[in-house]
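The chain contents come next:
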Amino acid sequence: MPDNPIKLPVVGRLSRNLALLNPGALVTLDMTTPSGQRGKFRSVFIGYMPKKYVLVQYPDSSKLGSFAQYVSQGIGVTVRGLIEGHEGAVVAFISNIRQTIQIPSRIIVLDFPHEVRLQNLRSSMRIETYIKTKVKVKDEYWASVISDISVSGCQIMITNGEKLILTEDKPVEIIIENFQGLKNLKLIAEICNTKTQVDGVMLGVKFDDSSKAEVTKLLQQAVILPH
């Protein structure tokens, strides 16, 4: 699979491509309201009727909160999920909500999309996320958050990090104690750039080749689980 995303015509090939998402597969629904408010919620892919509609599970109401009022006809939705049997591969498509139904269970009916994208996580695909972590600089640990991540690197916000003296090409260790079942993940990285923020410092880091396996695991979780 090439590194760059591929747009595939839906008319003759979409059924085969959507079939890469197995019924019951975890997916993320990325929705934006008319006012520009954005929400990302976990769901389950149910299935589809070629050229007619796609079915996904209605997200957990307790997670939706006030956003539930916007889950209605016409709202745009981006659906992303991992392709089973293709480690690191993602399928994604954009659609609109046609309607929601209550029986036999709460289901969102989406318009059949016009195109589907396939992308390899090993490419430059960057995923927005919110992963609490600790960054070890020399012998000190700093509370931080990974705000976005790709296979090659990530952006890390260090609270109160303005007290740190940081230079580029400096090695750091990123420790993720618990993220959606992944425990005590350690990533070795190198600082590429630093930016002072209102409440800390934003680091741009590049992952060391020795951390590739751990980064892939983290990416897989980040794709299907909202921040």
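Residues numbered from 1 in each chain as written. Predicted model: local features only at pLDDT ≥ 70, side-chain atom pairs only at ≥ 80, totals over all residues. Heavy atoms only, no water.

Thoughts on the overall build of the protein chain
Here is step 1 of the chain: In terms of helices and strands, the protein chain carries three helices and 14 strands.
Here is step 2 of the chain: The contacts in the protein chain between residues at least 6 apart in sequence include a share of 57% that link residues at least 24 apart. (Helix = DSSP H or I, 4+ residues; strand = E, 2+ residues; numbered from the N terminus. Contact = heavy atoms within 4.5 Å.)

Topic: the pairing of strand β2 (residues 26-32)
Regular strands show a simple pattern: their side chains alternate between the two faces of the sheet.
Here is step 1 of the chain: Among the seven residues in β2, five count as buried, and that is most of the element.
Here is step 2 of the chain: As defined by bridge partners, β2 adjoins strand β3 (residues 38-49) across seven bridges and the pair is classed as antiparallel. Each residue of the ladder has a partner; that of V27, found in β3, is S43.
Here is step 3 of the chain: Taking the residues that link successive antiparallel strands as the turn, the β2-β3 hairpin has five residues, and the phi of G36 there is positive, at about 100 degrees.
Here is step 4 of the chain: Note: β2 against strand β5 (residues 76-82), six bridges, orientation antiparallel. Counterpart to V27 in the pairing with β5 is G81. (Buried < 20%, exposed > 50% of the residue type's maximum accessible area, 1.4 Å probe, protein only. Pairing = 2+ DSSP bridges.)

What to know about the nonpolar core
Here is step 1 of the chain: I156, I174, V205 and L218 are the most contacted members of the largest nonpolar core, which totals 34 residues.
Here is step 2 of the chain: Those elements that place two or more of their residues in this core are β9 (127-137), β10 (140-149), β11 (153-159), β12 (171-179), β13 (182-197), β14 (200-207) and α3 (212-224).
Here is step 3 of the chain: No other element matches α3, which puts six residues into this core. (Core = buried A, V, L, I, M, F, W, Y, C linked by side-chain atoms within 4.5 Å.)

A short note on α3
Here is step 1 of the chain: Taking 1.5 Å per residue as the helical rise, α3 with its 13 residues ought to reach 18 Å, and the 19 Å between its terminal C-alpha atoms agrees with that figure.
Here is step 2 of the chain: The set of residues buried in α3 consists of V215, T216, L218, L219, Q220, A222, V223 and I224. (Expected span 1.5 Å × (residues − 1).)

Here we look at the sheet that holds β12
Strand pairing in a sheet relies on backbone hydrogen bonds. The paired strands run either parallel or antiparallel.
Here is step 1 of the chain: Strand order in the closed barrel formed by six strands is β9-β10-β11-β14-β13-β12, with antiparallel pairing between adjacent strands. Direction aside, the axes of adjacent strands within the sheet are offset by 45 degrees on average.
Here is step 2 of the chain: Looking at chain direction, β13 and β14 are connected through eight bridges and run antiparallel. Note on β14: the bridge partner recorded for T196 is V201.
Here is step 3 of the chain: Seen against the sheet, α3 touches β9, β10, β12, β13 and β14 and runs at an angle of roughly 85 degrees to β13. (Axes fitted to C-alpha atoms, helices over the stretch in contact; angles between N-to-C directions.)

Section: the pairing of β5
Here is step 1 of the chain: Here β5 pairs with strand β6 (residues 89-101) via seven bridges, running antiparallel. Of the residues in β6, the one forming a bridge with L82 is V90.

Some thoughts on the side chain of S144
Here is step 1 of the chain: Residue placement: S144 occurs in strand β10.
Here is step 2 of the chain: In this structure S144 comes out as buried when scored by relative accessible area, which is 4%.
Here is step 3 of the chain: In this view, S144 contacts I131, K132, T133, K134, V135, I156, M157 and I158; residues no more than four positions away in its chain are not counted.

Thoughts on the packing of aromatic side chains
Here is step 1 of the chain: In the structure shown here, the tally under the stated rule is three aromatic pairs.
Here is step 2 of the chain: Judged by centre distance (5.2 Å) and plane angle (55 degrees), the ring pair of F41 and F67 falls under tilted. Linking F41 in strand β3 with F67 in the loop between α2 (61-64) and β5, this pair joins segments that are 26 residues apart in sequence.
Here is step 3 of the chain: When the centroid spacing of 6.5 Å and the interplanar angle of 45 degrees are considered together, the rings of Y48 and F112 count as tilted. Of this pair, Y48 sits in strand β3 while F112 sits in the loop between β7 (107-111) and β8 (115-120), and the two are 64 residues apart along the sequence.
Here is step 4 of the chain: What makes F112 buried here is its relative accessible area of 13%.
Here is step 5 of the chain: Taken together, F41, F67 and Y70 form an aromatic cluster joined through their ring pairs.
Here is step 6 of the chain: Taking the ring centre of Y141 as reference, the NZ or CZ of K134 above it sits at 5.1 Å. (Phe/Tyr/Trp six-rings, centres within 6.5 Å; stacked < 30°, edge-to-face > 60°. Lys NZ or Arg CZ within 6 Å of the ring centre and 35° of its normal.)

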